[in-house]
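Here are the chains, one letter per residue:
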Amino acid sequence: MLYSLKRELHTDLARDILRVRELELNYFTSNIYNIGLQSAFLAGFLFTILATHNSEPLHKELYQNARSQGAAFVVIDRAYLVEEADARQVSAIILELIYLISNISGLGST
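No experiment lies behind these values; they were computed from the predicted model shown.

It is worth spelling out the overall build of the protein at this point. Along the protein, the regular secondary structure elements total 4 helices and 0 strands. When the elements of the protein are put in sequence order from the N terminus, they spell out α-α-α-α. Here the protein holds 110 residues, and the buried ones make up 14% of them. Residue pairs in contact within the protein that sit at least 24 positions apart in sequence constitute 62% of those at least 6 positions apart.

Put into structure tokens, the structure is as follows:
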């Protein structure tokens with residue numbers, strides 16, 4: 001009789017421990033699901049912004065600079081920024097590059 005009560009207590013304790021573990025697992029699963037959902041929304045918004053962004057003026061400016069220097073790629077160096085571009089072009093190029101880099105890094109971190 002005493003032995004059966006002891007076994008019943010052990011069984012009840014094991015069942016209660018499993019219930020607590022199940023609640024913990026449900027809690028963590030729910031949190032991870034919410035984080036995944038939020039990151040998917042954020043990635044969708046960032047992709048939409050990046051896909052619909054018009055970078056054509058920047059591309060034309062960089063392409064013309066590369067063609068004038070006979071280069072296969074564009075290097076925005078101090079000489080280009082000081083000698084060839086006015087202040088408005090410089091600020092537009094820098095802001096657009098920062099914008100594109102921030103969007104790309106935002107997509108990469110998700």
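Moving on from the coordinates now.
Residues Y33, L37, F41 and F45 make up a contiguous nonpolar surface patch of about 480 Å² in total accessible area. Structurally, F45 is set in helix α1 (residues 2–52).

Turning to the packing of aromatic side chains, a few remarks are in order. Scanning all chains against the criterion turns up 1 aromatic pair. A centroid spacing of 5.4 Å and a plane angle of 65° characterise the contact between Y27 and F28, whose relative ring orientation is edge-to-face. Residue classification places F28 among the exposed residues on the basis of a relative accessible area of 51%.

Counted under the stated rule, the structure contains 2 salt bridges. The salt bridge partner of D12 is R15, with a shortest N-O separation of 3.2 Å. Note that D12 and R15 are positioned in helix α1 at a spacing of 3 residues, about one turn of the helix. Between D16 and R19 there is a salt bridge, and its shortest N-O distance comes to 3.1 Å. Of this pair, D16 and R19 are both found in helix α1, 3 residues apart, which corresponds to roughly one turn of the helix. Relative accessible area serves as the criterion here: at 46%, R19 is assigned to the partly exposed category.

Per-residue confidence for the protein gives a mean pLDDT of 76; residues scoring 70 or more make up 63%. Ranking the helices and strands of the protein by mean pLDDT puts α1 first, with 87, and helix α3 (residues 78–84) last, with 60.

The rules behind each value
- Residues numbered from 1 in each chain as written.
- Predicted model: local features only at pLDDT ≥ 70, side-chain atom pairs only at ≥ 80, totals over all residues.
- Heavy atoms only, no water.
- Helix = DSSP H or I, 4+ residues; strand = E, 2+ residues; numbered from the N terminus.
- Buried < 20%, exposed > 50% of the residue type's maximum accessible area, 1.4 Å probe, protein only.
- Contact = heavy atoms within 4.5 Å.
- Patch = residues over 30% accessible without salt bridge, like charges linked within 9 Å, V, L, I, M, F, W, Y side chains within 5 Å.
- Areas by Shrake-Rupley, 256 points an atom, 1.4 Å probe, with all protein chains shown as cover.
- Salt bridge = Lys/Arg side-chain N within 4 Å of Asp/Glu carboxyl O.
- Phe/Tyr/Trp six-rings, centres within 6.5 Å; stacked < 30°, edge-to-face > 60°.
- pLDDT = per-residue confidence, 0-100.

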